[in-house]
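Architecture at a glance
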Amino acid sequence: MAPRPEVGTDSSHSLSKDDNTPAKDSAILPAYSTVDLMKEAPDEDDPWNLPELIDTGVKWSDLDTKGKIMRVLTAIVKFIMLLGLLYVFICSLDVLSSAFQLVGGKAAGDIFQDNVVLANPVAGLVIGVLVTVLVQSSSTSSSIVVSMVSSGLLDVQSAVPIIMGANIGTSVTNTIVAMMQAGDRNEFRRAFAGATVHDFFNWLSVLVLLPLEVATGVLYKLTHLIIESFNIESGEDAPDLLNVITDPLTNSIIQLDQSVITGIATGDAAARNKSLIKIWCKTKTNTTFWNATVENCTAGAVCWEEGNQTWTEMNSTWTDYQQKCKHIFVNAHLPDLAVGLILLGLSLLILCTCLILIVKLLNSMLKGQVAVVIKKVLNTDFPFPFTWVTGYIAIFVGAGMTFIVQSSSVFTSAITPLVGIGVISLERAYPLTLGSNIGTTTTAILAAMASPGETLSNSLQIALCHFFFNIMGILLWYPIPFMRVPIRLARGLGNKTARYRWFAGVYLFLCFFVFPLSVFGLSLAGWQALVGIGVPIVVLVVSVIIVNVMQSRCPHFLPGVLRTWDFLPRPLHSLAPWDRVVTSVFGFCGKHCCCCCKCCKCCKCNQNEEEEMMRRNSTKSLEMYDNPAMSKDEDTKEAVKATHI
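Attention here is on the structure that accompanies the text.

Rules used in this analysis
- Residues numbered from 1 in each chain as written.
- Predicted model: local features only at pLDDT ≥ 70, side-chain atom pairs only at ≥ 80, totals over all residues.
- Heavy atoms only, no water.
- Phe/Tyr/Trp six-rings, centres within 6.5 Å; stacked < 30°, edge-to-face > 60°.
- Buried < 20%, exposed > 50% of the residue type's maximum accessible area, 1.4 Å probe, protein only.
- Lys NZ or Arg CZ within 6 Å of the ring centre and 35° of its normal.
- Disulfide = S-S within 2.5 Å.
- Helix = DSSP H or I, 4+ residues; strand = E, 2+ residues; numbered from the N terminus.
- Pairing = 2+ DSSP bridges.
- Core = buried A, V, L, I, M, F, W, Y, C linked by side-chain atoms within 4.5 Å.
- Axes fitted to C-alpha atoms, helices over the stretch in contact; angles between N-to-C directions.
- Parallel < 35°, antiparallel > 145°, perpendicular 65-115°, else oblique.
- Contact = heavy atoms within 4.5 Å.
- Nonpolar A, V, L, I, M, F, W, Y, C, P; charged D, E, K, R; others polar.

The next thing to look at is the packing of aromatic side chains. According to the stated counting rule, one finds eleven aromatic pairs in the structure shown. Here tyrosine 500 and tryptophan 502 contribute two aromatic rings whose centre-to-centre distance is 6.1 Å and whose plane-to-plane angle is 55 degrees, an arrangement assigned as tilted. On the basis of relative accessible area, tyrosine 500 is assigned to the buried category, the value being 6%. Taken together through their ring pairs, the aromatic side chains of Trp388, Tyr392, Tyr430 and Tyr478 make up a single cluster. Here the guanidinium or amino end of lysine 324 rests over the ring plane of tryptophan 280, the centre of that ring lying 5.8 Å away. Above the plane of the ring of tyrosine 478 lies arginine 484, whose end atom (NZ or CZ) is 4.1 Å from the centre.

Put into structure tokens, the structure is as follows:
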């Protein structure tokens, strides 16, 4: 039998120089014409493809009566368990928000106090981000802004950037939820991209609309025109839909007095010494009036003279505490920080547990025909020429679902694990997220409509600014497919965090804490410091982005040195050196620290195995089989590796 080609050599065999006179005793070469791809089909290479959820159980038709009854009962029990876990998941998000307010609520009120800094639109933006991250609720930060505007401490025009920042800060919750799926690489890739597509939409919208608002005041003028055009009267409160179900549990754990944060922000000195933990749920304020004689009438008092005496009206007000609250910390007598840290740890533990169980339940339920139906309903577009309508229907669905659950954080956090396990594609999650942004603003508009007469116009105008900001963002980044930049950016970040999973925590820390705090600190130093340090950094970032785009699209227009970043030290253009540092730190921790760190080391080993498997699968090798009909030898079953043809 003729010798086989070696790996990496050319598969074609050279004949003698005289092709017409073959060697006398030459063997007939085996034919290497049968070529097939190993292991995977080509369409499974892309990690963004939705995985097939295969039914590994017995078919329904093969079950007997008892088996069918058991399967139906099992499905019902799983569905009830799923609803229960979702309920606990949503309640844990509510408790997490309360914990963040206890830990950082007063600090958030202090941040709002510096009116000079708030007049700077960039500082107002990052203050909105910081406060919303601290209190984990854009509704709370928006209500503080409304109170400040109503009390005259802030004008509506200065409040618009803060509302934009609140829109960014509210997306931190689903980013935290996505990090809970870091166990599986591809699930984490999809989940983190599904969460951060919300971040990228908000940041890109701010990059375009904040300068436009500063230059033209378009949002302020548009909403002011709407307020002036309609004779809007105060109405009923926004309907409590989901809160009716969740409040009994969350109120039994903790209740907060939101007026304390608002009081600190509006300059009330007494509010600083009050606790955020609500002690008395039912109080009554009593005022007693009486007449008394005075020697001199004080300015502003009602006085009159009878005979030789001057009389004035006196009053005394006291609060009658009638009923205590019934949550578990009402008699704890612990400081706000201690209660906040306790609730923060417990709520994160419950949140992680619920998320893991929800993902496992969904994986066990979404099999076979059920998976096919759900994936078709969620991810299939309408037939041509109405394909474009599907995304807009998803926007309306996202808005409606957010209106029902009364929170964009809850809705986006609920769909993040579904994106991770492959039930919802990233392209479908994007319009659902955009709809969620609209849904949370409609809730705010209804809440503003219930405001008293003296604050109605201000609160409604701020809510409308939030609404039109999201509408303009959607008009920028959704209707034209080429402009759906957040999807491409989220994919890139998802690929990066799937390879270096520690980078997800770095992104979260930098994006929502370091960057806003740095800008806020520069704002406190004055606009000269902000411009002097901020402008060169912005110019550098923009230049790097332009060079990156040109390196991939038109490198021949760049100087030779800029066609790659190799002239820089490797840690400045690659995460691989940093990954080695993180790996060595975890390795040291695994050897010298607690058993918990050893678990981290095991996870790292599993990560290395996964990387090796990905490398093997990504480089497809071709397998060539001998044709036994053209070979003299019988040994033709052995396969040989060859290069790509």
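From this point, the discussion proceeds with the structure in view.
Okay, the state of the cysteines next. Applying the stated criterion across every chain, the model contains one disulfide. Here cysteine 281 engages in a disulfide with cysteine 325; their sulfurs sit 1.9 Å apart. For the disulfide bridge between cysteine 281 and cysteine 325, the dihedral angle about the S-S bond is near 115 degrees, and by the sign convention the bridge is right-handed. Note that cysteine 281 is positioned in strand E2 (residues 280–294) and cysteine 325 in the loop between strand E4 (309–324) and helix H11 (336–365), a separation of 44 residues in sequence. The class for cysteine 281 is partly exposed, based on a relative accessible area of 37%.

The next thing to look at is the pairing of E4. As paired elements, E2 and E4 share 14 bridges and run antiparallel to each other. Directly across from threonine 287, in E4, lies its bridge partner threonine 317. Bridging between strand E3 (residues 303–306) and E4 involves four bridges; their strand directions are antiparallel. The residue bridging tryptophan 304 from the neighbouring strand is tryptophan 311, located in E4. Adjacent in sequence and paired antiparallel, E3 and E4 are bridged by two residues, among which glycine 307 carries a positive phi angle near 70 degrees.

Within the largest apolar cluster, 60 residues are counted, with the highest numbers of intra-cluster contacts made by Phe89, Leu102, Leu154, Ile254, Leu343 and Ile462. It is H11 that contributes the most residues to this core, ten residues altogether.

Here we come to the packing of helix H18 (residues 503–525) against helix H19 (residues 527–553). At a minimum axis distance of 5 Å, the contact between H18 and H19 shows a crossing angle of 135 degrees. Comparing the axis directions of H18 and H19 gives the class oblique. Each of Val519, Leu522, Ser523 and Ala525 in H18 lies in contact with H19, whose residues at this interface are Ala529, Leu530 and Ile533. Each residue belonging to the contact of H18 with H19 can be placed in one class, and the counts come to six nonpolar, one polar and no charged.

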